[in-house]
Amino acid sequence: MTGTSRSSIYDGSPAGAARQAVPASAPRDAALRQRAARVIPGGMWGHQSTRFLSPEYPQFLASASGAHIVDTDGRQYVDLMCAYGPILLGYQHPAVEAAAEKQRRLADTQNAPGPLAVDLAETLVDTIDHADWAVLAKNGTDATTACVTIARAASGHQIVLAARGAYHGAAPWCTPNTTGVLDTDRAAVRYFEYNDIASFAAAADAAGDDLAAVIVTPMKHFEGQDQELVDPAFARAVRAGCDRAGAALILDDVRCGFRFHVGSSWTPIGVRPDLSAWSKALGNGYPIAAVVGTDALRDAAARVYLTGSFWTSAVPMAAALATLDELRRTTAFADLTHAAHRLSDGIRAQAASHSLDVAYTGHPAMPYLTFAADVDFQRMRVFSLACLEAGLYLHPKHNWFVSAAHTDAVIDAALAATDHAFSAVRSEFGAD
Ligand SMILES: Cc1ncc(COP(=O)(O)O)c(C=O)c1O
């Protein structure tokens, strides 16, 4: 790795990057890791574990505001991960925090939902074109799993088709890590290739009259791979295949939701799912999820057993209502879109000026970078670590997320760091 620094706050200038001194260590993070190793299996669960990242990445974060995060050793970064999606308007957004605080003073989890459950269901029905009803939950996995269950209940069919490599959550039917999972847990899940009409048609034919649902994400966003926007012809073929089989089309909008469009991510291409799953950005960081669906699925949604101890909690509902209100009433979505394009234009121009062959793929609000000549993510590791050292937090194998708090100044600070990182890649691996 180049001798760049990773200390205090990076001011965004290339000179600032050079000025930073590398601290000998991150003592608070190191101490927390040691304690965690004793009481948390593997030191940390899930994809947030830094064992998938260079050791310089902080495992723990202390605070966040707007588009910035601060680790436990006091180092501040511009954040391009947005908590892996939930942060849409910026950390600690004033309107969201005020709404959450107001509700917190009244009550959060109770014996029954409060009036905000109805307000939020109404707002979702108003905002998402295929939504005639909504059920509120906590996590994306709750929502995708409920969609599959509702589709099976409605059709009486068993088979669910999913794109090979797609992520729909951590439940046995869909987790990418099958450790501890029974074959029978996913015996009725079959796969097709994303954006490949022939592959989808073959899978649908094989399912025959036992096809309950097709679950698909608005774009292809598989870890470590170039992303692909959906081919509208593919989306229409999936819609038609579901109609022929009497199956439900489930759009998993958990990750893309509200970054592509204020409404369903497939509204712009004119394809309506029967059910869709939402979470991440819905509450701007508060734990909330939703299943929405059409009238045809309403009865099945009422019949299946959907519940959770915290599904009534009202503070996240207040946060979600405030988030949707910001999206519908203010320039937040336009600001996010503007920031996404500024970042995308800047990254592409920088890669060209450094003579590096890159792919910058997916929707600009949820982009991902790869180097054409990369082997085993070596270039992406150098790139992401140089970004970190220059005060920009992004992930080498996971798509990034832009928020409405990424002002021009923030994006420019991010671009100063990426410029420095492209130089690091160029000096370590040469031009393409
Ligand atoms: C497309 C998609 N579906 C479902 C999920 C599962 O959501 P959660 O982690 O909230 O259970 C995720 C999470 O990353 C996701 O990206």
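Residues numbered from 1 in each chain as written. Predicted model: local features only at pLDDT ≥ 70, side-chain atom pairs only at ≥ 80, totals over all residues. Heavy atoms only, no water.

Comments concerning the environment of Ala235
At step 1: Inspection of the secondary structure puts Ala235 in helix H7 (residues 232-245).
At step 2: The residues contacting Ala235, other than those within four sequence positions of it, are Val230, Trp266, Ile269 and Val271. (Helix = DSSP H or I, 4+ residues; strand = E, 2+ residues; numbered from the N terminus. Contact = heavy atoms within 4.5 Å.)

Here's the deal with the pattern of salt bridges
At step 1: With the rule as written, the count across this model stands at 15 salt bridges.
At step 2: The salt bridge partner of Asp412 is Arg342, with a shortest N-O separation of 3.0 Å. On the criterion of sequence distance, the pair formed by Asp412 in helix H12 (residues 408-429) and Arg342 in helix H10 (residues 332-353) is long-range, its members being 70 residues apart. (Salt bridge = Lys/Arg side-chain N within 4 Å of Asp/Glu carboxyl O.)

Here we look at the confidence of the model for the chain
Close inspection of predicted coordinates is inappropriate in any region flagged by low pLDDT.
At step 1: Looking at the chain, pLDDT values average 93 and 94% of them are 70 or higher.
At step 2: Here residues 1-23 scores under 50 on pLDDT; set against residues more than four positions off or in separate chains, the count is 53 contacts. (pLDDT = per-residue confidence, 0-100.)

A short note on the site of the ligand
At step 1: Residues in contact with the ligand, as listed here, are Asn139, Gly140, Thr141, Tyr167, His168, Gly169, Thr217, His221, Asp252, Val254, Arg255 and Lys280.
At step 2: A distance of 3.4 Å is found between an oxygen atom of the ligand and a side-chain nitrogen or oxygen belonging to Asn139.
At step 3: The side chain of Thr141 places a nitrogen or oxygen atom 2.5 Å from an oxygen atom of the ligand.
At step 4: Protein contacts shield 88% of the accessible area of the ligand, which totals 390 Å² for the unbound molecule.
At step 5: In terms of residue class, the shell around the ligand is made up of two nonpolar, seven polar and three charged. (Near = heavy atom within 4 Å. Polar contact = N/O pair within 3.5 Å; in protein donor to acceptor, adjacent residues only side chain to side chain. Areas by Shrake-Rupley, 256 points an atom, 1.4 Å probe, with all protein chains shown as cover. Nonpolar A, V, L, I, M, F, W, Y, C, P; charged D, E, K, R; others polar.)

Concerning H7
Three or four residues apart is the spacing at which side chains of an α-helix point the same way, because the helix has 3.6 residues per turn.
At step 1: Under the 1.5 Å per step criterion, the end-to-end length of H7 is 20 Å for 14 residues, consistent within 8% with the ideal 20 Å.
At step 2: Within H7, burial applies to Phe234, Ala235, Ala237, Val238, Arg239, Gly241 and Cys242.
At step 3: In the core, the buried residues of H7 are packed alongside strand E6 (189-192), helix H6 (197-207), strand E7 (211-216) and strand E10 (248-252).
At step 4: Among the residues of H7, the N-terminal cap falls to Asp231, whose side-chain oxygen and the backbone nitrogen of Ala233 are separated by 2.9 Å.
At step 5: Just past H7, the residue Gly246 takes up positive phi, approximately 65°. (Expected span 1.5 Å × (residues − 1). Buried < 20%, exposed > 50% of the residue type's maximum accessible area, 1.4 Å probe, protein only.)

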